[in-house]
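What the coordinates show
Here is how the chains run, residue by residue.
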Amino acid sequence: MLDKAIPTKSDSGFDRAILTNKPKDKTYQTLLNLIIKDFAKPKGLQSSELSVRQLVVCDGWARALLDVSKTIQKPEQVILQKLDGKW
């Protein structure tokens, strides 16, 4: 079921899409590129060292849980906001 973006309503009534297993989705790709550029590269990480554990988009916000292969720590969490039509 999670292999598709699932539009649902959150508890607060906002539209929500679970994009975890939708790597070809345009929003997924846009967010992943931003995460690589703004999160991974400044930390000296390569895109191949990141994997998306969970990606949820809701009402102009996105939350990504990332596994980083260089570390054995808990997953990293990245929060993004869409402002003026841009993430």
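Here the structure is shown first, and the text comes after it.
These lines cover the structure that appears in this document, whether it is placed above or below. (Residues numbered from 1 in each chain as written. Predicted model: local features only at pLDDT ≥ 70, side-chain atom pairs only at ≥ 80, totals over all residues. Heavy atoms only, no water.)

1. Observations concerning the nonpolar core
Our working rule: Among buried residues, the Ala, Val, Leu, Ile, Met, Phe, Trp, Tyr and Cys ones that are joined through side-chain atoms within 4.5 Å form a nonpolar core. Throughout, exposure labels follow a simple rule: accessible area from a 1.4 Å probe, protein chains only, divided by the maximum for the residue type, with under 20% read as buried, over 50% as exposed, and the rest as partly exposed. Numbered from the N terminus, helices here are DSSP runs of H or I no shorter than four residues, and strands are runs of E no shorter than two. In what follows, residue pairs with any heavy atoms lying within 4.5 Å of each other are defined as contacts.
Counting residues in hydrophobic clusters, the biggest one holds 18 residues, and the most contacted among them are I35, F39, L50 and L80. Of all the elements in the fold, those that place two or more residues in this core are helix 1 (26-40), strand 3 (50-58), strand 4 (61-68) and strand 5 (76-81). Broken down by element, the residue count for this core peaks at seven residues, all from helix 1. With residues near it in sequence (within four places) discarded, I35 still touches A40, L50, A64, L66, V78 and L80.

2. Side note on the environment of I79
Looking at the secondary structure, you find I79 in strand 5. Residue class for I79 comes out partly exposed when judged on its relative accessible area of 48%. Placed 44 residues apart in sequence, I79 and I35 show a C-alpha to C-alpha distance of 9.5 Å. Once you skip the residues sitting within four places of it in the chain, I79 turns out to touch W61, A62 and R63.

3. Section: the pairing of strand 4
The test is simple: Strands pair, by our definition, only if DSSP identifies at least two bridges between them.
Sheet analysis places strand 3 next to strand 4, joined by eight bridges and oriented antiparallel. For C58, the partnering residue across the bridge sits in strand 4 and is W61. In sequence, strand 3 turns back onto strand 4 through a hairpin of two residues, with D59 there showing a positive phi of about 50 degrees. Sheet topology places strand 4 next to strand 5; six bridges connect them, and they run antiparallel. Across the sheet, L66 pairs through a bridge with E76, a residue of strand 5.

4. Here we look at the pairing of strand 3
Sheet topology places strand 2 (residues 15-18) next to strand 3; three bridges connect them, and they run antiparallel. Pairing of I18 across the sheet is with V56, part of strand 3.

5. Some remarks on unusual backbone geometry
Non-glycine residue D59 carries a positive phi angle of around 50 degrees. Of note, D59 is situated in the loop between strand 3 and strand 4. Phi at D84 is positive, roughly 50 degrees, even though this residue is not glycine. Mapped onto the secondary structure, D84 falls in the segment after strand 5.

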